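Residue-level structural notes
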Amino acid sequence: MSGILVVAEHLRGAVSDISRELIGAACRLREQTGGPVRVLLVADDPAALLAPLQLAGVDEILTVAGAGAHFDPAVTEAAAHLAALHCEPEVILLGHTSCGMSYAAALAVRLGSGFGADIFDLEPGPQGLRATRGGYGAKVNIVLEFPGKPVVVLTLRGATFKPPEGGGTPALVALALDAAAVPGRSEHLAFTEAPSAGVDIGKAEYILSIGRGIQEDKNVARFAQLAERLGFTLGCSRPVADSGWLHKAHQVGLTGKVAANCKLYVALGISGAVQHLHGMKHVETIIAVNTDAHAPIFNVASHGSTLDVFEFADAIEKLL
Ligand SMILES: Cc1cc2nc3c(=O)[nH]c(=O)nc-3n(C[C@H](O)[C@H](O)[C@H](O)COP(=O)(O)OP(=O)(O)OC[C@H]3O[C@@H](n4cnc5c(N)ncnc54)[C@H](O)[C@@H]3O)c2cc1C
């Protein structure tokens with residue numbers, strides 16, 4: 001058993017970002033564990049999706065063709081099982097996405113492997129692999145070890161691991177799977193778009209986020225206007241969304257969205273609970289405004305002020 005197998009994801013004809021992030025995680029881990037990095041691509045026509053996966057550090061791309069036009073958990077699980085028997089990896093990485101979650105546990109059971117879900121850190125330890133995930137509503141970090149397990153299946157959290165930079169020339173190996181004969185196949189009926197609030201926190205580069213510190217529903221409009229005038233996307237903490245002051249699509253955090261592409265995050269009247277930090281603490285520049293000098297948001301802020309959020313808004317509005 002050696003090396004790492006990544007199972008790539010794609011949707012509507014495009015390779016998903018998580019695939020490149022999984023490859024990044026695999027390449028980083030391989031620096032310490034050694035062994036090849038292989039990527040499994042299960043698709044109707046894998047050739048059409050190869051290019052974004054031909055990244056630096058990938059040794060081999062295993063392809064399974066004729067898998068149907070849409071993702072099928074049973075077929076992907078069967079293909080991942082086949083690939084695991086073919087290359088005997090030590091670690092199998094899947095996305096912690098609705099696709100990955102739908103077959104990861106089944107794959108682990110079939111392989112008799114170790115298993116960890118929603119992993120955000122990976123490193124070799126004295127007893128083999130160590131994988132870190134959150135626990136108790138993200139209040140603590142739990143480090144998992146897998147003693148005695150020759151292979152471990154992990155689903156990795158999105159927007160957490162950096163994709164490799166630059167292209168590569170991995171070898172291509174075709175695996176044969178009769179997808180039509182896989183039991184438990186599902187039928188794709190249609191894609192249903194989630195109701196949109198016209199906001200995409202994951203793509204936004206500049207976010208102005210409001211929390212319970214804005215105090216009342218009627219104050220939301222003022223901060224929404226401020227965000228618009230600044231050219232920022234409006235984000236919020238969970239109580240603001242839960243109270244119905246803003247659509248859930250604005251919520252940043254564990255049960256909201258990760259500000260994956262954000263360069264500047266302004267947190268107004270947000271205390272900085274771990275679940276909120278989950279969605280934004282990685283942002284390079286964070287400005288926090290909170291009247292409580294001991295609020296945990298200041299632990300991750302690059303700039304902070306204990307101004308009242310309304311005084312802060314007054315001051316910015318005067319400059320515009
Ligand atoms: C399983 C689980 C998942 C969760 N997921 C999320 C999530 O995805 N996102 C999320 O945000 N939360 C999430 N939460 C909730 C989280 O634990 C916190 O309760 C929440 O983030 C607090 O929101 P807040 O900072 O707006 O409110 P509070 O914690 O009430 O903080 C308000 C802050 O505003 C400051 N303030 C008050 N008045 C002013 C003023 N006039 N000017 C300046 N500052 C002022 C206060 O000092 C305080 O620090 C989750 C919780 C659980 C258990």
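The model shown is predicted, which means the values in this text are computed figures rather than measured ones. (Residues numbered from 1 in each chain as written. Predicted model: local features only at pLDDT ≥ 70, side-chain atom pairs only at ≥ 80, totals over all residues. Heavy atoms only, no water.)

**Examining the packing of helix H2 (residues 73-87) against helix H3 (residues 98-111)**
Where H2 contacts H3, the two axes come as close as 9 Å, and the packing angle between them is 40 degrees. Accordingly, the angle class assigned to the pair H2 and H3 is oblique. In this structure, H2 meets H3 at a crossing whose hand is right-handed. Facing H2, whose interface residues are Pro73, Thr76, Glu77, Ala78, Ala80, His81 and Ala84, H3 presents Ser102, Tyr103, Ala106, Leu107, Arg110 and Leu111. A class-by-class count of the residues in the contact of H2 with H3 yields 8 nonpolar, 3 polar and 2 charged. (Axes fitted to C-alpha atoms, helices over the stretch in contact; angles between N-to-C directions. Helix = DSSP H or I, 4+ residues; strand = E, 2+ residues; numbered from the N terminus. Parallel < 35°, antiparallel > 145°, perpendicular 65-115°, else oblique. Left-handed = near helix turned anticlockwise from the far one by under 90°. Contact = heavy atoms within 4.5 Å. Nonpolar A, V, L, I, M, F, W, Y, C, P; charged D, E, K, R; others polar.)

**Some points on the sheet that holds strand S10 (residues 140-145)**
Sheet architecture is open: 3 strands sit in the order S8-S9-S10, paired in antiparallel fashion. Of all strands in the sheet, those with a lone pairing partner are strand S8 (121-125) and S10, marking the two edges. Between one strand and the next, the sheet's axes are offset by a mean angle of 30 degrees, whatever the strand orientation. Where S8 lies against strand S9 (residues 128-135), 5 bridges are found, and the strand directions are antiparallel. Bridge pairing in S9 links Asp121 to Thr132. Contacts between helix H1 (residues 17-33) and the sheet are confined to S8 and S9, with S8 contributing the most and set at about 10 degrees to the helix. (Pairing = 2+ DSSP bridges.)

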